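Residue-level listing of the chains:
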Amino acid sequence: MRVGILGPLTVVVDGRPVEVAGARLRTLLVRLACEPGRLVPVERLAEALWPDATPTDPANAVQSLVSRLRKTLDGHPALESGAGGYRLGVAPDDVDAHRFERLAGEGRRALRDGDPARAATLLTAALDLWRGTPDVDDALAARWEELRLGAVEDHVEAVGPRAPGLVARLRELTAAHPLRERLTAHLVMALHAEGRRAEALAAFEECRHRLAEELGVDPSPQLRQAHLLALTDLATTGRPWGNLRTALTSFVGRDEDVERLATQVLDGRLVTLVGPGGAGKTRLATTVAARDPHAAWLVELAPVTEAADVPAAVLRALDAGGQLETPPGIRRLDVTGRLAEILAPTDVLLLLDNCEHVVEAAAKLSEDLLGRCPKLRILATSREPLGILGERLFPVGPLAPEPAVQLLRDRAEAVRPGFRVTPAAAEICRRLDGLPLAIELAAARLRSFTAEQLVDRLDDRFRLLTGGSRTALPRHRTLHAVVAWSWDLLEPPERDFGAAIAVFPGTFDADAAAAVAGVRDVEPLLDLLVDRSLLQVVAGDTVRYRMLETIREFALEELVRAGRVELVRSGHAAHFLALVERAEPHLRTGAQVEWLARLRPERANLHAAVAHACDTGDTVTAFRLGAASAWFWTFEDNHAEAAGLLGRILAVPGDVPLDVRTVVMAVYVINSGFAGDFQFAEGMLEDVLALAAQVPPGTGHPFVELVEPAVMMFRDDSASGAAAIERRLAEPVEPWSRGMLLAILGYLRENDGDLDGMMRAQEAAAAAFREVGERWGLSMTLASIADARARRGDFTTATALFAESIDLYQQLGVRTNDAYQRIRLAALRRHTDGPEAARAELRRFADDPASLPRDVSHAMLELGQLARHAGDLDEAERCYLEAWRRQAETPLVAPQYRAIVQVGMAQLDLRRGDAEAARGRLVQALDLALPVRDMPVVAQVAIGSAALAAAAGAPVTAAEILGVARQFAGGDDRSNSDLLAQSAALRDTLGAAAFTDAVRRGAALDRAAAMSLIQP
């Protein structure tokens, strides 16, 4: 099916036209065609069909029209029904309006890429689709009319000002749209090209007057340039339009830069593009210069070896056009004066390319010529600024990831037809810093290697990327030559400094650079490397720097060649060891926000310091780094990474203080458990306990005091853990340690089923954390109290505590740790604001692209619970399955969350009458929950087992199992709808007294008997 709406509605089905009679049927089809392939809700269709008075039952009214339209279309399957709406199942290109948008967009891109012939063909095809006023509502008609006018303007630019009949066409268009400055600019240029200078100037004046009268604005830069062109009469003198050559390849990824630079060049007299070698400064500059309405002359300064020859190089470039009639025997001292004579009368854009090695001479010549030639504009490219008054800098950095991959694909297809983009392609671009030249050199190698093979070889990038164009300058034929060109312009002390700071794998500040390079006055050197585009300033609250990976690899080779790499890396490790040891005590105080902000930018540096200490066998430095960084790494919620770093440290042989080793091992075990490796963590507990027992009480790192209680929590040994905490709390202990001990005690009490004791301990812990201003521990403690309040049925207090916990995490800048609180808060809203409010908030979280898979799975689990309790079993199943699938995407999902999903699915199976399926799910849930000893989750499994027993006709056993659930959970959970519903049903079946006795018996069972009873 093909639908035409750019004019009266046309429909072609299977090659034959179909007449759609009736205004509402046509409106319905047009409205669906406006969004081909997308479901249009009934409400929006009704608004389009009955704009003045919507029917009482819009769904039935729309359905009736859809039925009539289906008959008109002979039942064509393209007209589809969906949940809450209808769609026209055709491709966008089957609707002329969308085909027009695609062709017009491709035409504009071709125009920007310097291919006017292709642009004209595409734009002609787009404009030929218009048959009249679009048969759509006013808003859409206005949008497509604006797109049509833009395409017309692009088409005029593509065909050029001398196209036959262009003046008459533009006269008609500007009469209809007198305030469209781009159309008027094209008219002025077309009139001028025909030698009708007076008419061109009159057209400009008419538009300028109308803009001032009706809008109170001045003409745009483009219109002003067209006016200047008419004034200077360049088009009728026969003067060549510069020496720019047509590009042989596509220009990718710089559309916004082209527009911004073009505006700067029109408005400024000297603009310098600065950036690292291979960033594409020359290509960007020539692309913009080619669009300039005046003569643009490219002067290639790279071959110039003597600064004094710069003016002569400019003169030679201008004379290459054969227009200057330069007298023979010009003396060198006369060249600048001769240039001024030539350039002063005319509007010219001079492009000085590759100024960095003759920057002083280029600056002097530019300043001289700009002072003598009022109509001259200069566009320069350099790896450092020219540094004269009036210069406007235009930084040219690496390509963003998406256009970088597009560039690689375009160039790779030229040498390897059929090249397909894979994740390895993105990795190539990332490793090469998005530098266009490096990417093009890599693309040339794809003739011999796959993208995956190329990635593996990028560690030796300078030997690999050597296949540049034979016609390119020598310094653009290999990646090594690109960097060496800039490096060789440095003085020896500057090279030594640049090589030293290459040991920073990420960003760094001036203090770190001074410490590592051993230079006291470091600011001038940093500024110089920034000016030379060998170093980048990183935007942020403080000034930091980074070296592109390609430049860094080159500099590291220089450092190795000088025999200084081990010395400098050791200095780097020492600096960051001092920093993190200074920061560590503050992470347990109210200053933790400030110090976390100070440490976060140094993550890569800390990792590099650890790697160096481990690789060189510097045991003391490695363990001190681990002990000082352990809590910071744990804060950041990347537990797998933290466990990997700490495990690497533990593998380094040698003697270190016992408290330092204990901290590293203990935090390693904790992060291994949080990362999902619970069995491994459990196997390490005895070793951690034995090590901590050797540290004299009250000495060493405060974390040592927490080891024994924490281990008891992991071992589900509540009595021993509580006793250890009581012993420590009986002695003087600083507030942070007291808070952590009390928090652990709260978790132990909860596992004992002592909810009151848990709340007392956690509230005391919160008070201790508030005393020192420590937000991380306070946030976790408040979340535990909130959970307990919710289980008691105090939902108002629970939501307030969760909100405070979330706020504390946000103050810390921890992006992922508050996900549990946010989801629990959303789920609790069903008790305070109703199920719909809870569902909406959970859905927003689940649909947020920034949410991690593990957290989306939790949100989908809660959505499944809501759907099941509302009786929508199909939706519940969809949510549970999605939660399970998301959990499988990440190893960081704790087994207990997977257990809860299985419990929900078991309850769903029971609602559907499939007891055997439910039994299997509960067995799996118990297998997941028991190894991690999360007793509140085991309690949820018990609630499922109780439902299974009740379904099997054993209500007494079911009630006893609910008693076990009470024991494991520390009391009745009033936030658990399954528990409340089952308790009510069993109370009705058994009677209140019998039910209470059965629950009491189950709650009194010892742990072994209780576990036996709840087995599904």
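Predicted, not measured: the structure shown is a model, and the values here were computed from it. (Residues numbered from 1 in each chain as written. Predicted model: local features only at pLDDT ≥ 70, side-chain atom pairs only at ≥ 80, totals over all residues. Heavy atoms only, no water.)

When helices and strands are counted, the protein shows 49 helices and 13 strands. Considering only C-alpha atoms, the protein reaches an extent of 115 × 85 × 55 Å along its principal axes. For the protein, with 1016 residues in total, the buried portion stands at 52%. Sequence separation of 24 or more characterises 68% of the internal contacts of the protein that already satisfy a separation of 6 or more. When the accessible surface of the protein is summed, it comes to about 43900 Å², and 52% of that surface belongs to carbon and sulfur atoms. In the protein, 115 positive and 141 negative side-chain charges are present, and the distance between their average locations comes to 3 Å. (Helix = DSSP H or I, 4+ residues; strand = E, 2+ residues; numbered from the N terminus. Buried < 20%, exposed > 50% of the residue type's maximum accessible area, 1.4 Å probe, protein only. Contact = heavy atoms within 4.5 Å. Areas by Shrake-Rupley, 256 points an atom, 1.4 Å probe, with all protein chains shown as cover. Lys, Arg positive; Asp, Glu negative; His and termini not counted. Charge placed at Lys NZ, Arg CZ, Asp CG, Glu CD.)

This next bit is on the side chain of Lys281. By secondary structure assignment, the location of Lys281 is in helix H12 (residues 281–291). No salt bridge is formed by the buried Lys281, whose closest oppositely charged neighbour, Glu356, lies at an N-O distance of 5.7 Å. Apart from residues no more than four positions distant in its own chain, Lys281 is found in contact with Leu273, Val274, Gly275, Pro276, Thr381, Ser382, Arg383 and Val396. (Salt bridge = Lys/Arg side-chain N within 4 Å of Asp/Glu carboxyl O.)

A few words now on the sheet that holds strand S6 (residues 85–88). Read from one edge of the open sheet, three strands run S4-S6-S5, paired in antiparallel fashion. The open sheet is flanked by strand S4 (40–41) and strand S5 (79–82), the only strands paired with a single partner. The pairing of S5 with S6 spans four bridges and is classified as antiparallel. In the sheet register, Glu80 faces S6, and the bridge partner there is Arg87. Each of S4, S5 and S6 is contacted by helix H1 (residues 23–33), which is oriented at about 75° to S6, the strand it contacts most. (Pairing = 2+ DSSP bridges. Axes fitted to C-alpha atoms, helices over the stretch in contact; angles between N-to-C directions.)

This next bit is on a negative patch on the surface. Side chains of Asp511, Asp521, Glu523, Asp527 and Asp531 sit close together on the surface and give a patch of like negative charge. Among the elements that line the negative patch, the one with the most residues is helix H24 (residues 523–531), at three residues. Counting through the fold element by element, Asp531 comes out in helix H24. By relative accessible area, Asp531 is classed as partly exposed at 38%. (Patch = residues over 30% accessible without salt bridge, like charges linked within 9 Å, V, L, I, M, F, W, Y side chains within 5 Å.)

This part takes up the confidence of the model for the protein. In this model, the protein carries a mean pLDDT of 85, and residues with pLDDT of at least 70 account for 92%. Note that pLDDT drops below 50 for residues 234–240; the model gives that stretch 15 contacts with residues more than four away or on any other chain. This stretch, residues 320–333, has a pLDDT under 50; its non-local contacts, to residues over four places away or in other chains, come to 22 contacts. (pLDDT = per-residue confidence, 0-100.)

The next point concerns the side chain of Asp353. As for its position among the elements, Asp353 is in strand S9 (residues 348–353). In this structure Asp353 comes out as buried when scored by relative accessible area, which is 4%. Excluding anything up to four places from it in sequence, Asp353 contacts Thr282, Leu298, Val299, Glu300, Leu301, Ala302 and Thr381.

Scanning all chains against the criterion turns up 63 salt bridges. Of the charged contacts in the structure, one is a salt bridge between Arg131 and Asp96, with a shortest N-O distance of 3.6 Å. Highlighted residues: Arg131 in the loop between helix H5 (116–127) and helix H6 (138–159) and Asp96 in helix H4 (residues 96–112), separated in sequence by 35 residues. By relative accessible area, which is 40% here, Arg131 ends up partly exposed. Given a relative accessible area of 4%, Asp96 falls into the buried group.

The next point concerns the pairing of strand S10 (residues 376–382). Burial analysis of S10 places seven of its seven residues in the buried class, which makes it a mostly covered element. The alternating pattern of S10 places Leu376, Ile378, Ala380 and Ser382 and Arg377, Leu379 and Thr381 on opposite faces, both of which are buried. With five bridges joining them, strand S7 (residues 270–274) and S10 adopt parallel strand pairing. Its bridge partner being in S10, Leu273 is matched across the sheet by Thr381. One ladder, built from five bridges, connects S9 with S10; its direction is parallel. By the bridge assignment, Leu352 is partnered in S10 with Ala380. One crossover worth recording links S9 to the parallel S10 by way of helix H15 (residues 359–372), and it is right-handed. (Right-handed = clockwise from strand over helix to strand, strands pointing away.)

This part is about the environment of Ala83. Take Ala83: it is sitting in the loop between S5 and S6. Residue Ala83 is classed as exposed on the basis of its relative accessible area of 75%. A sequence separation of 460 residues divides Ala83 from Val543, and the C-alpha atoms of the two residues are 53 Å apart.

What follows is about the sheet that holds S7. Spatially, the five strands line up as an open sheet ordered S8-S9-S10-S7-S11, and their pairing is parallel. Each of the sheet's edge strands pairs with one partner strand only, and the pair in question is strand S8 (295–300) and strand S11 (391–395). For this sheet the average axis-to-axis angle between neighbouring strands, irrespective of direction, equals 20°. Its contacts with the sheet place helix H11 (residues 255–267) against S7, S9, S10 and S11, and it is angled at close to 175° to S11.

On to a nonpolar patch on the surface. Taken together, the side chains of Leu179, Leu215 and Val217 make up a nonpolar region of the molecular surface, amounting to roughly 220 Å² of accessible area. Assignment of secondary structure puts Leu215 in helix H9 (residues 197–215).

We now examine helix H14 (residues 335–343). Of all the nine residues making up H14, seven are buried; the element is thus mostly covered by neighbouring parts of the structure. Among the residues of H14, those classed as buried are Val335, Thr336, Arg338, Leu339, Ala340, Ile342 and Leu343.

Once that is clear, we can look at helix H47 (residues 977–990). Counted at 1.5 Å a residue, the expected span for H47 with its 14 residues is 20 Å, and the 20 Å between its end C-alpha atoms agrees. The set of residues buried in H47 consists of Asp978, Leu979, Gln982, Ser983 and Leu986. Considered in projection along H47, the buried side chains sweep an arc of 120° and stay on one side of the axis. Where H47 is buried, its residues contact helix H41 (853–869), helix H43 (895–911), helix H45 (935–951), helix H46 (955–969) and helix H48 (992–1004). Of the residues flanking the end of H47, it is Gly991, one or two places downstream, whose phi is positive at about 95°. (Expected span 1.5 Å × (residues − 1). Arc of directions from axis to C-beta.)

Right, let's talk about the packing of aromatic side chains for a bit. Counted under the stated rule, the structure contains nine aromatic pairs. The interplanar angle of 55° and the centroid separation of 5.4 Å between the aromatic rings of Trp631 and Phe703 together place this pair among those described as tilted. Here the residue Trp631 occupies a position in helix H29 (residues 619–635), and Phe703 occupies one in the loop between helix H32 (678–693) and helix H33 (704–714), the gap between them amounting to 72 residues. Take Trp631: its relative accessible area is 9%, and that puts it in the buried class. Given the relative accessible area of 6%, Phe703 is considered buried. Between Trp631 and Trp736 the ring centres are 5.7 Å apart and the planes differ by 90°, which places this aromatic pair in the edge-to-face class. Note that Trp631 is positioned in helix H29 and Trp736 in helix H35 (residues 735–751), a separation of 105 residues in sequence. Feature note: the residues Phe504, Phe508, Tyr545 and Phe576 constitute an aromatic cluster, connected by ring pairs. Geometry around Trp736 places Arg588 over its ring, the cationic atom sitting 5.4 Å from the centre. The ring of Trp884 carries the charged tip of Arg898 above its face, separated from the ring centre by 4.1 Å. (Phe/Tyr/Trp six-rings, centres within 6.5 Å; stacked < 30°, edge-to-face > 60°. Lys NZ or Arg CZ within 6 Å of the ring centre and 35° of its normal.)

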